[in-house]
Amino acid sequence: MTSSLVVNNLSKRFGDFIAVDNIDLELQPGEIFGLLGPNAAGKTTTIRMLSGIIRPSGGTANILGFDLFDDLESIKSRIGYVAQYFALYPELTVTENLSFYSGIYGVDDSQRQTDLLEQYGLNQFADRYAGQLSGGYKRRLSMVCALCHDPELVFLDEPTAGIDPVTRKELWDLFYELAMAGKTLFVTTHYMEEAERCHQLAFLSHGKRVAQGTPDEIRRMLVHKQIYTFSAGKDMAMLKALPRLEGVDLINRFGNSIRVVADDSLTLEKLAGFLAEWPGEEYEPVQTTANLEDVFITLTSGEPS
Ligand SMILES: Nc1ncnc2c1ncn2[C@@H]1O[C@H](COP(=O)(O)OP(=O)(O)OP(=O)(O)O)[C@@H](O)[C@H]1O
Ligand SMILES: [Mg+2]
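Residues numbered from 1 in each chain as written. Chains lettered and ligands numbered in written order. Predicted model: local features only at pLDDT ≥ 70, side-chain atom pairs only at ≥ 80, totals over all residues.

Here we look at the overall build of the protein
Then step 1. Per the secondary structure count, the protein includes 11 helices and 14 strands.
Then step 2. With the C-alpha coordinates aligned to their principal axes, the bounding extent of the protein is approximately 75 × 45 × 40 Å.
Then step 3. Across the 305 residues of the protein, 35% fall into the buried class.
Then step 4. Long-range pairs, those at least 24 residues apart, make up 70% of the contacts in the protein between residues at least 6 apart in sequence. (Helix = DSSP H or I, 4+ residues; strand = E, 2+ residues; numbered from the N terminus. Buried ≥ 20, exposed ≤ 12 C-beta atoms within 10 Å, placed from the backbone. Contact = placed C-beta atoms within 7 Å.)

Put into structure tokens, the structure is as follows:
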């Protein structure tokens, strides 16, 4: 199978600052690929390079069989791009925006436009100004405009940021439909639950790729760590002392549930012994396996190396 996208040593400098640092990526047709990283990790910059908006400082990229440096126009006609921030015309209606973008791509197919509006639930708002749509429907319109020319590869930069869980699920159902039709989706997100939905993932930290693989493969990156979880109330003194316990790398709190990522020096017995020293509450720590967030925070929370 020919890869949809192959990137080697891609980098981007802004003056002395390296925003994307020699990354390698490979995406297959029909795959939803998720790129995750903290704010300023270089996700948008990567997408902007791969969709031909800004020029890379170095590296190579083959997209849908075309070279990013030599054949950008062939690539542009075959990809879609949904920007992180709303980039449509607020003073044009939904239909006018879609017609405008279809015109740019030379697609004169009013039936396709009607079908897209219906598929994305936008026909009810066909005559509404884009600027007056709710956030979720603005995202849908951005997607519809990016899909008007039936691209093979779609870049979606935080397509579900600020979207409610029901609408988010509906958008993901549409992403899966596109993937099942053989399209490749390159998605950025800050939601771990969305990372779980991707076929392949890469994590970026300070412009560097620090993890890549399926969600299962990425979870296994912490097999050498000990992961514990227990329920805790409001013993602030215990919670303050816990990060200083020997071997603890990371504490992550979800309401009353505490997750501890530690090295081998912290056994379950040692943790139970530490917790038993705090009067008032009975803690029952258990060993568990890493989730994606454990890996993400462990790999991306440090200073640049
Ligand atoms: N045109 C530019 N000139 C200078 N620095 C830039 C430029 N564009 C991006 N950067 C810097 O590159 C770094 C990566 O930015 P980028 O927008 O790619 O991050 P991101 O991972 O998309 O973050 P977020 O999650 O906040 O969207 C940031 O430090 C940003 O300030
Ligand atoms: Mg971004």
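Concerning the site of ligand 1
Then step 1. The full set of residues close to ligand 1 is Phe 14, Phe 17, Ala 19, Gly 37, Asn 39, Ala 40, Ala 41, Gly 42, Lys 43, Thr 44, Thr 45 and Gln 84.
Then step 2. Of all elements in the fold, only strand 2 (17–27) and helix 1 (43–50) reach the threshold of two or more residues within the shell around ligand 1.
Then step 3. Examining the composition of the shell around ligand 1, we find that 3 residues originate from one element, helix 1, more than from any other.
Then step 4. A class-by-class count of the residues in the shell around ligand 1 yields 5 nonpolar, 6 polar and 1 charged. (Near = placed C-beta within 6 Å. Nonpolar A, V, L, I, M, F, W, Y, C, P; charged D, E, K, R; others polar.)

Here's the deal with the domain arrangement of the protein
Then step 1. According to the domain assignment, the protein consists of domain 1 (5–219) and domain 2 (224–289).
Then step 2. Here the C-alpha centroids of domain 1 and domain 2 sit 39 Å apart. (Domains from an automatic or database assignment.)

Focus on the pairing of strand 6 (residues 79–82)
Then step 1. By the alternation rule, side chains of strand 6 split into Ile 79 and Tyr 81 and Gly 80 and Val 82, which are all buried.
Then step 2. Judged from the 4 bridges that link them, strand 6 and strand 7 (residues 153–157) form a sheet pairing that is parallel. The residue of strand 7 that forms the bridge with Gly 80 is Val 154. (Pairing = 2+ DSSP bridges.)

Looking at the pairing of strand 4 (residues 58–63)
Then step 1. By the bridge criterion, 5 bridges tie strand 1 (residues 5–14) to strand 4 in an arrangement that is antiparallel. In the sheet register, Val 7 faces strand 4, and the bridge partner there is Ala 61.
Then step 2. Across 2 bridges, strand 4 lies against strand 5 (residues 66–67) in antiparallel orientation. What sits directly across from Ile 63, in strand 5, is Phe 66.
Then step 3. Connecting strand 4 to the next strand, strand 5, in antiparallel fashion are 2 residues, including Leu 64 with a positive phi near 55 degrees.

Considering the nonpolar core
Then step 1. Of all hydrophobic cores here, the largest spans 61 residues; its most connected members are Val 144, Phe 155 and Phe 186.
Then step 2. It is helix 5 (residues 135–147) that provides the largest number of residues to this core, a total of 6 residues.
Then step 3. When sequence neighbours within four positions are dropped, the list of residues in contact with Phe 186 reads Leu 27, Phe 33, Leu 35, Ile 47, Leu 153, Phe 155 and Leu 156.
Then step 4. By size, the runner-up hydrophobic cluster in this structure holds 8 residues, among which are Tyr 228, Ile 258, Val 260 and Leu 275. (Core = buried A, V, L, I, M, F, W, Y, C linked by C-beta atoms within 7 Å.)

Some remarks on helix 6 (residues 165–180)
Then step 1. In this model, helix 6 (16 residues) spans 22 Å end to end at C-alpha, consistent with the 22 Å of a helix rising 1.5 Å per residue.
Then step 2. Among the residues of helix 6, Arg 168, Leu 171 and Phe 175 are the ones counted as buried. Each buried residue of helix 6 sits inside an arc of 65 degrees when the element is viewed along its axis, so together they form one side. Along helix 6, exposed side chains directed more than 90 degrees from the buried face belong to Val 166, Asp 173, Glu 177 and Met 180.
Then step 3. Contact partners of the buried residues in helix 6: strand 3 (32–36) and strand 8 (184–188).
Then step 4. Of the residues flanking the end of helix 6, it is Gly 182, one or two places downstream, whose phi is positive at about 95 degrees. (Expected span 1.5 Å × (residues − 1). Arc of directions from axis to C-beta.)

Observations concerning the packing of helix 3 (residues 94–104) against helix 5
Then step 1. The interhelical angle for the contact between helix 3 and helix 5, taken along N-to-C directions, is 25 degrees, at an axis separation of 8 Å. Put simply, helix 3 runs roughly parallel to helix 5. Helix 5 is crossed by helix 3, and the crossing has right-handed handedness. Seen from helix 3, the contacting residues are Val 94, Asn 97, Leu 98 and Tyr 101; seen from helix 5, they are Leu 141, Val 144 and Cys 145. (Axes fitted to C-alpha atoms, helices over the stretch in contact; angles between N-to-C directions. Parallel < 35°, antiparallel > 145°, perpendicular 65-115°, else oblique. Left-handed = near helix turned anticlockwise from the far one by under 90°.)

Comments concerning the environment of Val 261
Then step 1. The residue Val 261 is located in strand 13 (residues 257–262) in this model.
Then step 2. Each C-alpha atom, one on Val 261 and one on Thr 2, is 39 Å from the other, the two residues being 259 residues apart in sequence.
Then step 3. Not counting chain neighbours up to four residues away, the residues in contact with Val 261 comprise Leu 222, Lys 225, Ile 227, Asp 249, Leu 250, Asp 294 and Thr 298.

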